[in-house]
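The primary structure of each chain is shown beneath.
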Amino acid sequence: MKKKYIFMIGIFVILTALLSISQSRIFVETNSCVGCGDCVDVCPVDAIQIVDGKSVIDAEKCILCEICIHSCTYDAIRKNK
Ligand code: SF4
Ligand code: SF4
């Protein structure tokens, strides 16, 4: 009985972690972005473009590495948890 209980908790923890990862997303605070392009240069998968002077992230390409977050001196890129 105890093993079954521990197994169920383990499954719950794994599913919660997977759900959390799938909902993670990198996004741009448009008001803070000045369109400098620093984030475009560092993205390893070319997921960022400058459109109309603002950074735009392609969520389909993004691998959530967070390099762009650290490259932005304007603190315009964030990750939702
Ligand atoms: S590095 Fe920051 S300010 Fe520069 S384009 Fe990217 S998001 Fe905008
Ligand atoms: S998190 Fe990584 S892959 Fe996603 S946009 Fe930023 S630099 Fe590119």
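S.K.: So what exactly am I meant to see when it comes to unusual backbone geometry here?
M.R.: Across the chain, the bulk of peptide bonds are trans and the bulk of non-glycine residues have phi less than zero. Positive phi, normally seen in glycine, also occurs at Asp-52, with a value near 50°. By secondary structure assignment, the location of Asp-52 is in the loop between β2 (48-51) and β3 (54-57). Even without a glycine there, the phi angle at Leu-64 is positive, about 60°. Within the secondary structure, Leu-64 sits in the loop between β3 and α3 (67-71).

S.K.: In this structure, what is going on with the site of ligand 1? I would like to understand it.
M.R.: Near ligand 1 you find 13 residues, and of these Cys-33, Cys-36, Gly-37, Cys-39 and Cys-72 are the closest. Its residues assigned to classes, the shell around ligand 1 comprises nine nonpolar, three polar and one charged.

S.K.: So what exactly am I meant to see when it comes to the side chain of Ser-24 here?
M.R.: Inspection of the secondary structure assignment puts Ser-24 in the loop between α1 (2-23) and β1 (25-28). For Ser-24, a relative accessible area of 16% puts it in the buried group.

S.K.: Where do I start with the site of ligand 2 in this structure?
M.R.: Close to ligand 2 lie Ile-26, Cys-43, Pro-44, Val-45, Ile-48, Ile-57, Cys-62, Ile-63, Leu-64, Cys-65, Glu-66 and Cys-68, which account for all nearby residues. Here the residues of the shell around ligand 2 are counted per class, giving eleven nonpolar, no polar and one charged.

S.K.: Just to check I follow, could you spell out the pairing of β3 for this structure?
M.R.: Consecutive residues of a regular strand have side chains that alternate between opposite faces of the sheet. On β3, burial follows the alternation: Ser-55 and Ile-57 on one face are buried, whereas Lys-54 and Val-56 on the facing-out side are not. Two strands pair when backbone bridges link them, and β2 and β3 are joined in this way by four bridges, in the antiparallel orientation. Paired with Gln-49 across the strands is Val-56, a residue of β3. Counting the residues in the hairpin turn of β2 and β3 gives two residues, including Asp-52, whose phi is positive at 50°.

S.K.: Is there a simple way to think about the environment of Phe-27 in this case?
M.R.: Position of Phe-27 among the secondary structure elements: in strand β1. With a relative accessible area of 22%, Phe-27 lands in the partly exposed category. With 50 residues separating them in the primary sequence, Phe-27 and Ile-77 have C-alpha atoms 5.7 Å apart. When near neighbours in sequence (up to four residues on either side) are disregarded, Phe-27 contacts Ile-57, Ala-76, Ile-77, Arg-78, Lys-79 and Asn-80.

Reading the values: rules and limits
- Residues numbered from 1 in each chain as written.
- Chains lettered and ligands numbered in written order.
- Predicted model: local features only at pLDDT ≥ 70, side-chain atom pairs only at ≥ 80, totals over all residues.
- Heavy atoms only, no water.
- Helix = DSSP H or I, 4+ residues; strand = E, 2+ residues; numbered from the N terminus.
- Near = heavy atom within 4 Å.
- Nonpolar A, V, L, I, M, F, W, Y, C, P; charged D, E, K, R; others polar.
- Buried < 20%, exposed > 50% of the residue type's maximum accessible area, 1.4 Å probe, protein only.
- Pairing = 2+ DSSP bridges.
- Contact = heavy atoms within 4.5 Å.

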